[in-house]
Amino acid sequence: MSMALKKYFIDEHDLIIPDESITSIPLVREGKIMDRVGYLYEDIMSNWKDTIQSADVILWATHSQGTPVSAILLRRLMENEIIQVHRQPICMLAMAGISHGPFPTFKGNLFYFEADAARELFDFMDSESPISVQFREAMAFILENRVKTVLVASMQDQVVPLYSAIMSSIAHPGLLRAIYIDGHIYSKDDFLIRLISFALKLLNLGLSDHGFLIHISEVLAGNIYSWDGGHSSVYEELKVFMLPLHYLFETSPFGPCEIIKPKTLSVKDSEQVKMSDKNKQRAIEGVEARLDPFQAKARLNPFHLPWTIRGIWDDSRILGDDLLSKELEKLHLLFDQWNPTSTRLKEIKFRLEPLRARL
């Protein structure tokens, strides 16, 4: 994160941030979620309290199991006023966060999950489990209290499903969702990659993906394009750490950028012009996080995937927006040209074949 911060200010503002202006605090501890939260909180209070309280800006990066640990720990620090969001802008980057558990097919696999801390991760598959409730309430708290949060999934994750990494059951305008795709497999004209990116864009716009990202997650498990990349490669890419910096410093209240809402959701232009940055910020702060119930299943109904696509293509809010409708047209062309080679990708195309006439 320190490297990304320096690069951001050099690239965007031609400003060199000296090393002494950045303090990196490693939060390292093994064990179950609440054990880690307790230990790390005491560590901060003993060694880093003054440093955190005097910070001008707080950037928080976490990966995998660290995501629920970070959310719960952040809430505790904010409630005890160690972090004061009214004067300390803060953004959390969660990479491949295990928010709704690992792939359900791993349950019972002792090779992967023989420790108590690892087995606990399956509790996040049920939104009503005690640890999941604590995590979801913590996420709602930090989102409703000005913590901008960036969720980055990994395209070829072998451990965490896409729906888990992007927290599909939580909604709030302070969330920004993205996906990391290894450079050697990325193509802007790949139908599936383009479709997944489009679905994430819909969520970021406040629209529905009609459950597509949940139902495609099962197919994405592991290496569908190549044997390289996966759960850990996401935090090795510097550009992933640049995203929360752009989000924090270039959107309200610091910058003029904003996620452009489709016309079908926008207020009247005259009303939008009158809304100041402060009013926009107050409007976001006034929104409660929506926490939908979630229960991960070991096997999803394969017939639901075509219906999620149909839901997207028939959504009047998408069709009524020029940019989004043009993207649907582009996806239509890419689907016709798509010739996948792997078994799982061929299976996806096979499931979508009945919709060829509709697309």
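Residues numbered from 1 in each chain as written. Predicted model: local features only at pLDDT ≥ 70, side-chain atom pairs only at ≥ 80, totals over all residues. Heavy atoms only, no water.

Colleague: Explain the overall build of the chain here, please?
Modeller: When helices and strands are tallied, the chain shows 16 helices and 6 strands. When the 359 residues of the chain are sorted by exposure, 49% land in the buried category. If you take every contact in the chain between residues at least 6 apart in sequence, the share linking residues at least 24 apart comes to 79%. In the form shown here, the chain has an accessible surface area of approximately 17,900 Å², with 53% of it arising from carbon and sulfur atoms. (Helix = DSSP H or I, 4+ residues; strand = E, 2+ residues; numbered from the N terminus. Buried < 20%, exposed > 50% of the residue type's maximum accessible area, 1.4 Å probe, protein only. Contact = heavy atoms within 4.5 Å. Areas by Shrake-Rupley, 256 points an atom, 1.4 Å probe, with all protein chains shown as cover.)

Colleague: Can you walk me through the sheet that holds strand β3 (residues 148–154) in this structure?
Modeller: Note on sheets: strands pair through backbone hydrogen bonds, and any given pair is parallel or antiparallel. With parallel pairing, 4 strands are arranged side by side in an open sheet as β1-β2-β3-β5. This sheet does not close on itself; its edge strands, each paired only once, are β1 (58–63) and β5 (175–180). Across the sheet, the axes of successive neighbouring strands diverge by a mean angle of 15 degrees, strand direction being ignored. Where β1 lies against strand β2 (residues 90–95), 6 bridges are found, and the strand directions are parallel. Paired with Ile58 across the strands is Ile90, a residue of β2. Docked against the sheet, helix α10 (residues 238–250) engages β1, β2, β3 and β5, running at close to 150 degrees with respect to β2. (Pairing = 2+ DSSP bridges. Axes fitted to C-alpha atoms, helices over the stretch in contact; angles between N-to-C directions.)

Colleague: Mind showing me how you'd approach the side chain of Asp315 here?
Modeller: Its place among the elements puts Asp315 in the loop between α13 (304–313) and α14 (316–319). Taking the relative accessible area as the measure of exposure, Asp315 reaches 6% and is therefore buried. Of note is the side chain of Asp315, whose polar atom sits 2.9 Å from the side chain of His210. Within polar-contact distance, the side chain of Asp315 engages the backbone nitrogen of Arg317 at 2.9 Å. (Polar contact = N/O pair within 3.5 Å; in protein donor to acceptor, adjacent residues only side chain to side chain.)

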